[in-house]
Amino acid sequence: MVDAQAATQRRDRVRAASAPRHRDPQPAHDFSPSFTALGGLAYDGAQVSASVTDLDSGRTLLAIDERIVLPTASIGKILLLVEVSARLTERDFSGYGILDKTPRDAVGESGVWQHLQAPSLPVADLATLVGATSDNLATNVLLRQVGLGAVRARTESLGLMRTALLDLVRDSRGPDDAPQLSVGSTAELAWLFAALARGEIVDTLTSSRVLGWLSLNSDLSMVASAFGLDPLSHRGSDHGMLLVNKTGADIGVRSEAGVLRGPRAAVAYAASVQFNDSGLAARLRVLEALRVLGLDILEHVH
């Protein structure tokens with residue numbers, strides 16, 4: 001049973017005025033290139049949202065429609081990882097417990113388990129695959145084990161009102177399926193990563209375990225493309241920088257959230273763009289705008 005007062009306090013931390021803000025009134029850092037690049041996407045019809053906060057002071061560095069809800073594709077898998085980690089902490093099941101893949105779990109696209117011969121893997125290994133490659137098959141097997149309802153309850157207990165994992169992963173979505181895998185606001189996603197970094201999501205052990213899984217993420221194609229890190233090996237400090245992030249990609253959707261620590265500062269960030277993915281040029285423009293945001297973040301922390 002979720003403690004009502006605790007849930008209210010968590011909700012208050014991520015809740016703010018419903019009217020979207022476009023620019024922090026007294027920005028701590030000049031993110032004008034990000035405003036220009038992301039604003040250009042919005043001017044051409046894309047829906048754009050971004051939030052960057054200083055991890056130590058909590059000050060807002062960038063806020064662009066950060067309260068609106070947009071599709072976030074695979075980013076919602078973080079909520080599944082939080083639930084799995086919490087259950088491991090509570091010893092509801094063993095991280096070494098073996099789960100089988102079944103025909104109803106089968107799904108394509110991201111991930112490597114679908115290409116492996118192993119019919120079964122331990123719970124902790126499945127969570128590692130989700131963190132490292134956003135593995136869709138591993139996601140569905142874990143969801144079958146813990147239940148989507150439990151993930152939603154955990155999400156609400158954290159005070160997240162605009163962020164949710166809506167469904168399991170599907171190769172195609174019919175009229176009776178959720179239209180998106182997940183949705184979220186960048187304000188809540190940036191808060192979630194900041195809280196993970198501070199060890200405040202459930203408890204320190206649960207938060208640390210989730211960060212460990214996500215630190216293996218091999219997708220540095222969006223905001224993190226500006227950080228100069230090795231996509232396959234960046235768990236340790238590299239030139240004084242340490243990154244933990246999660247991305248989400250679908251047709252017409254690019255989204256990323258994470259934490260970046262540098263020699264001078266640390267930030268929690270999130271950015272989402274929903275756009276008309278009519279051609280390669282449109283997609284590349286979105287990726288370039290996200291990279292510009294990454295360059296501004298890099299300048300602030302390094």
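The preceding data block contains the structure.
To keep things clear, this report deals only with the structure shown in the data block. Just so it is clear, the model here is predicted, and its values are computed rather than measured.

With that out of the way, let us pick up the overall build of the protein. A count of helices and strands for the protein gives nine helices and ten strands. For 302 residues, the compact-globule formula gives about 19 Å, and the C-alpha radius of gyration of the protein, at 18 Å, lands near that figure. By its C-alpha atoms, the protein is 50 × 45 × 40 Å across when sized along the principal axes. With 302 residues in all, the protein has 54% of them scored as buried. Partitioning the intrachain contacts of the protein with sequence separation of at least 6 by distance along the chain shows that 66% fall at a separation of at least 24. Surface summary for the protein: the accessible area is close to 13,300 Å², and the carbon and sulfur share equals 52%. For the protein, the distance from the average position of its 29 positive side-chain charges to the average position of its 34 negative side-chain charges is 3 Å.

In this structure, R254 sits in strand β9 (residues 253–261). This buried residue, R254, is left without a salt bridge; D277 holds the nearest opposite charge, at 4.8 Å. A polar contact is formed between the side chain of R254 and the backbone oxygen of D250, at a distance of 2.8 Å. Leaving out residues up to four positions away in the same chain, R254 has contacts with M222, G248, A249, A271, S272, V273, F275, R283, V286, L287 and L290.

Once that is clear, we can look at the side chain of D105. Here D105 is to be found in the loop between β4 (98–100) and β5 (120–122). The class for D105 is buried, based on a relative accessible area of 3%. Engagement of the side chain of D105 in a polar contact is seen with the side chain of R144, the distance being 2.7 Å. Aside from chain neighbours lying at most four places away, what touches D105 is D100, L137, N140, V141 and R144.

What follows deals with the pairing of strand β2 (residues 60–64). Across the five residues that make up β2, a large majority, four, are buried. Bridge count for strand β1 (residues 47–54) against β2 is four bridges, and the pairing is antiparallel. Its bridge partner being in β2, A50 is matched across the sheet by I64.

Axis separation between helix α4 (residues 123–133) and helix α5 (residues 136–146) bottoms out at 8 Å; the angle between their running directions is 135°. Here α5 runs oblique to α4, going by the angle between their axes. As α4 packs across α5, the resulting crossing turns out to be left-handed. Of α5, the residues touching α4 (which contributes V123, L126, A127, L129 and V130) are A138, T139, V141 and L142. Grouping the constituent residues of the contact of α4 with α5 by class yields eight nonpolar, one polar and no charged.

The next point concerns the sheet that holds strand β3 (residues 70–71). Spatially, the three strands line up as an open sheet ordered β3-β7-β6, and their pairing is antiparallel. Each edge of the sheet is formed by a strand with only one pairing partner; in this case those strands are β3 and β6 (164–165).

Moving on, we come to the packing of aromatic side chains. One pass over the structure, following the stated rule, counts one aromatic pair. Aromatic side chains F227 and Y269 sit 6.3 Å apart centroid to centroid with 80° between the ring planes, which places their arrangement in the edge-to-face category. In this pair, F227 sits in the loop between α8 (204–214) and β8 (242–250) while Y269 sits in strand β10 (residues 266–274), placing the two residues 42 residues apart along the sequence. Across this residue pair, the class does not change: F227 and Y269 are buried.

Turning next to the sheet that holds β8. If you walk across this open sheet you meet the five strands as β2-β1-β10-β9-β8, and the pairing is antiparallel. With partners counted over all chains shown, the strands left at the sheet margins are β2 and β8, one partner each. For this sheet, the mean angle separating the axes of adjacent strands, direction not counted, is 5°. Looking at chain direction, β8 and β9 are connected through nine bridges and run antiparallel. Each residue of the ladder has a partner; that of K246, found in β9, is A257. Strands in contact with helix α7 (residues 186–197) are β1, β8, β9 and β10; relative to β10, the strand with the most contacts, it is inclined by about 150°.

This brings us to the pattern of salt bridges. Enumeration over the complete set of coordinates arrives at ten salt bridges. Across the salt bridge formed by D44 and R285, the nearest N and O atoms sit 2.1 Å from each other. Note that D44 is positioned in the loop between α2 (32–43) and β1 and R285 in helix α9 (residues 280–301), a separation of 241 residues in sequence. Here D44 falls in the exposed class, since its relative accessible area comes to 52%. On the accessibility criterion, R285 (39% relative accessible area) is partly exposed. Among the ionic pairs, R154 bridges to E83, the shortest N-O distance being 2.7 Å. Here R154, found in helix α6 (residues 148–157), pairs with E83, found in helix α3 (residues 77–89); they are 71 residues apart in sequence, far enough to count as distant. Across this residue pair, the class does not change: R154 and E83 are buried. The structure contains a network of salt bridges with shared partners spanning E83, R87, E90 and R154.

The rules we used
Residues numbered from 1 in each chain as written. Predicted model: local features only at pLDDT ≥ 70, side-chain atom pairs only at ≥ 80, totals over all residues. Heavy atoms only, no water. Helix = DSSP H or I, 4+ residues; strand = E, 2+ residues; numbered from the N terminus. Rg over C-alpha atoms; globule rule 2.2 N^0.38 Å. Buried < 20%, exposed > 50% of the residue type's maximum accessible area, 1.4 Å probe, protein only. Contact = heavy atoms within 4.5 Å. Areas by Shrake-Rupley, 256 points an atom, 1.4 Å probe, with all protein chains shown as cover. Lys, Arg positive; Asp, Glu negative; His and termini not counted. Charge placed at Lys NZ, Arg CZ, Asp CG, Glu CD. Salt bridge = Lys/Arg side-chain N within 4 Å of Asp/Glu carboxyl O. Polar contact = N/O pair within 3.5 Å; in protein donor to acceptor, adjacent residues only side chain to side chain. Pairing = 2+ DSSP bridges. Axes fitted to C-alpha atoms, helices over the stretch in contact; angles between N-to-C directions. Parallel < 35°, antiparallel > 145°, perpendicular 65-115°, else oblique. Left-handed = near helix turned anticlockwise from the far one by under 90°. Nonpolar A, V, L, I, M, F, W, Y, C, P; charged D, E, K, R; others polar. Phe/Tyr/Trp six-rings, centres within 6.5 Å; stacked < 30°, edge-to-face > 60°.

As far as function goes, none of this settles anything; it's purely spatial.
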